[in-house]
Amino acid sequence: MNTIECIKSRRSIRKYKPDPIDHSMIDSIVSAASYSPSWKNTQITRYIAIEDPSIIGKITEEFTYEHNAGIIKQAPMLIAVTFLKGRSGFERDGSYTTKKGDRWQMFDAGIASQSFCLAAQEYGLGTVIMGIFDENGISGLLELPEDQELAALIAVGYPDHEPEAPNRKSVEDLLQYR
Ligand SMILES: Cc1cc2nc3c(=O)[nH]c(=O)nc-3n(C[C@H](O)[C@H](O)[C@H](O)COP(=O)(O)O)c2cc1C
């Protein structure tokens, strides 16, 4: 699959086959995502691959809303994307490098998440990035260390539907030359 095809054909997948995912495949996807650009090559993004039904059960029952719970329940794996705090966008003395403050952290985690999803697509896996969840609840459940923050959840599995691409804005709407 070439890059443009991979970018354009990736869809958010919300229905999955029950088949488990080989850990070696997830290892390869994370290895690919590790080549994402990051602030001063700080590489702050981390991944927790969750398969334990008791953790999944708690997340779906207590720490997200109905729509996302329905997706997560039938995915064989859920990735918690986290990042190490205080590095991306920061000087060594802890001050912000730019006016954007600490927002470069989420920027880096976002780039890495997209790389993860595109690499997963190359392996025939579907994904959906989810941003609506109880951050404190899941961080506590996963016993995230103090120096890490939860950025997003990504459900992963073999797709069980082929959704149409939602409408895209035209290049004229998106781009201007000056
Ligand atoms: C930061 C972010 C948060 C998202 N949160 C959710 C979510 O909580 N639940 C969900 O079903 N989809 C979520 N999505 C998926 C978007 O709805 C989806 O990417 C968009 O509708 C375009 O569809 P496509 O990914 O198939 O191109 C999220 C996507 C992003 C990038």
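Because the structure is a prediction, the values reported are computed rather than measured.

*Asks:* Got a minute to help me understand the site of the ligand in this structure?
*Replies:* Around the ligand, the structure places 14 residues, and the nearest of them are Arg11, Ser12, Arg14, Asn68 and Arg168. Ile129 places a main-chain nitrogen or oxygen 3.0 Å from a nitrogen atom of the ligand. In the model, a nitrogen atom of the ligand is placed 3.0 Å from a nitrogen or oxygen of the Gly131 main chain. Against a free-state accessible area of 620 Å², the protein chains account for coverage of 63% of the ligand. Of all the secondary-structure elements, those providing two or more residues to the shell around the ligand are helix H4 (66-73) and strand E3 (126-130). Residues of the shell around the ligand, tallied by class, amount to 6 nonpolar, 4 polar and 4 charged.

*Asks:* Would you take a moment to explain a nonpolar patch on the surface for this structure?
*Replies:* Nonpolar side chains collect at one region of the surface, where Val171, Leu174, Leu175 and Tyr177 lie side by side and expose about 490 Å² of accessible area between them. Residue position: Leu174 is located in helix H7 (residues 171-174). Given the relative accessible area of 61%, Leu174 is considered exposed.

*Asks:* Which parts of the structure should I look at to understand the side chain of Ser36?
*Replies:* Relative to the elements of secondary structure, Ser36 occurs in the loop between helix H2 (23-33) and strand E1 (45-50). Within the local environment of Ser36, its side chain forms a polar contact with the side chain of Ser115, the two groups lying 2.7 Å apart. Residues within four places of Ser36 in sequence aside, it is in contact with Ile111, Ala112 and Ser115.

*Asks:* It is not clear to me how the sheet that holds strand E2 (residues 77-84) should be interpreted in this structure. Could you clarify?
*Replies:* Two strands in a sheet stick together by hydrogen bonds in their backbones, pointing the same way (parallel) or opposite ways (antiparallel). Strand order in the open sheet formed by 4 strands is E1-E2-E4-E3, with antiparallel pairing between adjacent strands. With partners counted over all chains shown, the strands left at the sheet margins are E1 and E3, one partner each. Neighbouring strand axes in the sheet, compared pairwise and without regard to direction, differ in orientation by 25° on average. Where E3 lies against strand E4 (residues 148-157), 5 bridges are found, and the strand directions are antiparallel. Along E4, the bridge assignment pairs Val128 with Ala155. Running over the sheet, H4 touches E2, E3 and E4 and is turned about 150° from E3.

*Asks:* Would you take a moment to explain the pattern of salt bridges for this structure?
*Replies:* Side-chain pairing between opposite charges can occur once the charged atoms of the two side chains come close. Under the defined criterion, the tally for this structure stands at 2 salt bridges. Between Glu62 and Lys58 there is a salt bridge, with its nearest N and O atoms 2.9 Å apart. In this pair, Glu62 and Lys58 both sit in helix H3 (residues 53-62), 4 residues apart, roughly one turn of the helix.

Rules and cut-offs
- Residues numbered from 1 in each chain as written.
- Predicted model: local features only at pLDDT ≥ 70, side-chain atom pairs only at ≥ 80, totals over all residues.
- Heavy atoms only, no water.
- Near = heavy atom within 4 Å.
- Polar contact = N/O pair within 3.5 Å; in protein donor to acceptor, adjacent residues only side chain to side chain.
- Areas by Shrake-Rupley, 256 points an atom, 1.4 Å probe, with all protein chains shown as cover.
- Helix = DSSP H or I, 4+ residues; strand = E, 2+ residues; numbered from the N terminus.
- Nonpolar A, V, L, I, M, F, W, Y, C, P; charged D, E, K, R; others polar.
- Patch = residues over 30% accessible without salt bridge, like charges linked within 9 Å, V, L, I, M, F, W, Y side chains within 5 Å.
- Salt bridge = Lys/Arg side-chain N within 4 Å of Asp/Glu carboxyl O.
- Buried < 20%, exposed > 50% of the residue type's maximum accessible area, 1.4 Å probe, protein only.
- Contact = heavy atoms within 4.5 Å.
- Pairing = 2+ DSSP bridges.
- Axes fitted to C-alpha atoms, helices over the stretch in contact; angles between N-to-C directions.

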